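The residues making up each chain are set out below.
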Amino acid sequence: MSSTTVPPIDVVAPGLQTRLPGGALAGPARACLLTGAVALGASLVGLALGPETRKQFFFSYLTAYGFALGLCLGALFFVMLQHIYRAGWSVIVRRSAENLMGVMPYMAVLFLPIALGFETLYHHWVHPIEGDAVIAGKRGYLNPTFFFVRIGIYFVIWIGLASWFRRTSLSQDQNGDPQLTLKMSRRAAPGILLFALTTTFASIDLFMSLDPHWFSTMWGVYMFAGYVLSTIAVLTLACLFLQRQGYLRDAVNSEHYHDLGKLLFAFTVFWAYITFSQYMLIWYANLPEETSWFAERKSGAWYLVGQILIVGHFLVPFAFLMSRHVKRTRPLLALGAVLMLVMHQIDLHWIVMPALHGHSPHLHWLDATTFVGLLALVFGLFLNNVRSTPLLPERDPRLVESLQFHNI
Amino acid sequence: MSHDKRYFGVVAEFETTGAILDAATKATAEGYTKVDAHTPFPVHGLERALKQGPSHVGWIVAACGLLGIVLGQLMMWWMNGVDYPIVVSGKPPYAWQSTIPITFECMVLLAAFGAVFGMFGLNRLPRLYHPIFKYSQVHRATDDRFLLSIEATDPRFDQVKTAEFLRRLGGHHVELVEE
């Protein structure tokens, strides 16, 4: 057993406020949860408005769910990544990511509507047309029993990883044991491997199998890029929000925002790189079973949505976020983060919705209510997690390094 | 007296990073603008203490990167689309999709050239001779000492007063160095 422990926060960084006063953030948390409940309740009304609206509900919900799940997955990835690199700069940001991935168990509950509507969403492979040899060949993987077994496995792994890393970090707040940091860093490596496999297969199951004839070997990475990008954007906005509310003011500064901005920029470029690679390989090979997916997204006004993604998801943020000045100026960085979140939602819409509205995009009120509902709910649950923990890992051995962090 | 072509400037030696940071801060605060430091390794915050401002190399890199995009596109458009068009697996002779990787490579290549040679240019490198070599302690700047120079071209420079100023800041071996 190690005899040394990291001293308490008032020794390491005297005067630094790390605990929220009782009742702090209760208002915003309640407002978020209420908005979430009302918007999701309103969405459920859609289920009773005839078969077309019912169908729309499931597709809209899946799109919004992809956004919310992506945030929890991205946060889990962020935490494990920082442990693998034994990163110093990110320690004070890590607690926000831990609190975000702490929402993961609720995501399992919120999966329920998809489970209820899976026959509608995935009817191409749940009820395949007689004599469809391609689907018949995929039967061993794409069948309802195995689908739900896999979903169960994903959630066991995700919830297991998320709660273990969060619990361990929180117990370090109490005992200041530096061994826990080493332990988390050791477990992050196999953890991130499990994360990569489960995220890839979950993305295939939830989104690629909407069009079960089609396949892309880059699918998992493509979805992953979007998840992490949106998470970095949310973490940035969460830090800005907490500081606006008067917390973390002495802790998070331009240096940390600069690094979050770098990650935001990096994943914007990474998303574009993966998205283009996927497109170019399919374009080059020009095989009908692969091009069908893009052919659908080139028809009608879907073509325009693709163009919006090229400009808004890559060209504009690439030029905008490249600047050091933008990454260090809070309102500008916030603008960049919001832009990436909007674009990520358009990307998900572009991924999911052609399966329902094949010829042209069709915005439905359910798209708005499910999105607002799930997002508000996730943020409300996140705020509840924030309220119940110290604002930063108080006795992490690298806390001081993080507080004093400077970019060259 | 303030501007003497025969002299490079006054150089002083400091023993710690803290001392050189302090001296650099005070020298620029005093109004000196032609201040430079010579250290065995990069000292954190020194460029700020010397009031150097942000580097302009990024603009050179950006311009070279854009040039790379344009040149790469022109090259492929001319070679594949105009000069010697070949049909490969039914694709148009010039298709933007297939040009992206090479455009990217051309951009990276010229941007990297811009970064390296832009840095050389802004630092006026290669430079085979620098007056600082005439300073008696200059070899220590590659070992364990930190040098601060105030150049003779500085409007506030004065052979006696500037040397006295550096001595007051705690500098050792304060010398007037020849051009």
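Rules behind the numbers
- Residues numbered from 1 in each chain as written.
- Chains lettered and ligands numbered in written order.
- Predicted model: local features only at pLDDT ≥ 70, side-chain atom pairs only at ≥ 80, totals over all residues.
- Heavy atoms only, no water.
- Domains from an automatic or database assignment.
- Salt bridge = Lys/Arg side-chain N within 4 Å of Asp/Glu carboxyl O.
- Helix = DSSP H or I, 4+ residues; strand = E, 2+ residues; numbered from the N terminus.
- Buried < 20%, exposed > 50% of the residue type's maximum accessible area, 1.4 Å probe, protein only.
- Contact = heavy atoms within 4.5 Å.
- Polar contact = N/O pair within 3.5 Å; in protein donor to acceptor, adjacent residues only side chain to side chain.
- Buried area = accessible area lost by both parts, 1.4 Å probe.

> Break down the domain arrangement of chain B for me, with residues and values.
For chain B, the assigned domains read domain 1 (7-40 + 144-178) and domain 2 (57-122). When each unit is reduced to the centre of its C-alpha atoms, the spacing between domain 1 of chain B and domain 2 of chain B is 46 Å.

> Describe the pattern of salt bridges, and please don't skip the residues or the numbers.
Residues and elements named next belong to chain A. Per the stated rule, a full pass over the model turns up 15 salt bridges over all chains. Among the ionic pairs, arginine 94 bridges to aspartate 396, the shortest N-O distance being 3.0 Å. Separated by 302 residues along the polypeptide, arginine 94 in helix H4 (residues 91-101) and aspartate 396 in the loop between helix H18 (365-387) and helix H19 (399-403) bring together distant segments of the chain. We classify arginine 94 as buried; its relative accessible area is 3%. Linking aspartate 259 and lysine 262 is a salt bridge whose minimum nitrogen-to-oxygen distance equals 2.8 Å.

> Any chance you could break down unusual backbone geometry for me, citing the residues and the numbers?
With an omega dihedral of -5°, the bond running from leucine 125 of chain B to proline 126 of chain B counts as a cis peptide bond. By the secondary structure assignment, proline 126 of chain B is in the loop between helix H4 (96-122) and strand S3 (146-151). Phi at leucine 25 of chain A takes a positive value of approximately 65°, unusual for a residue other than glycine. If you trace the backbone, leucine 25 of chain A turns up in the loop between helix H1 (9-12) and helix H2 (26-45). For leucine 25 of chain A, a relative accessible area of 5% gives the class buried. Of note in this structure, histidine 173 of chain B is not a glycine but carries a positive phi near 50°. Position of histidine 173 of chain B relative to the elements: it lies in strand S4 (residues 172-178). Look at histidine 173 of chain B and you get partly exposed, because its relative accessible area is 41%.

> Please give an account of the environment of arginine 328 of chain A that cites residues and values.
Residue and element names in this part refer to chain A. With respect to the helices and strands, arginine 328 occurs in helix H16 (residues 324-328). Judged by its relative accessible area of 22%, arginine 328 falls in the partly exposed class. The spatial distance from the C-alpha of arginine 328 to the C-alpha of serine 254 is 5.2 Å, given a sequence separation of 74 residues. Sequence-distant contacts of arginine 328, that is, excluding residues within four places in its chain, are made with Ser254, Glu255, His258 and Asn407. Of the polar contacts made by the side chain of arginine 328, one reaches the side chain of glutamate 255; its length is 2.6 Å.

> Outline the interface of chain B and chain A, listing residues and values.
Between chain B and chain A, the residue contacts involve nine residues of the former and nine residues of the latter. Summed over both sides, the interface between chain B and chain A buries roughly 910 Å², with carbon and sulfur atoms accounting for 70% of that surface. Applying the counting criterion to the chain B and chain A interface returns three residue pairs in polar contact (both at pLDDT 80 or more).

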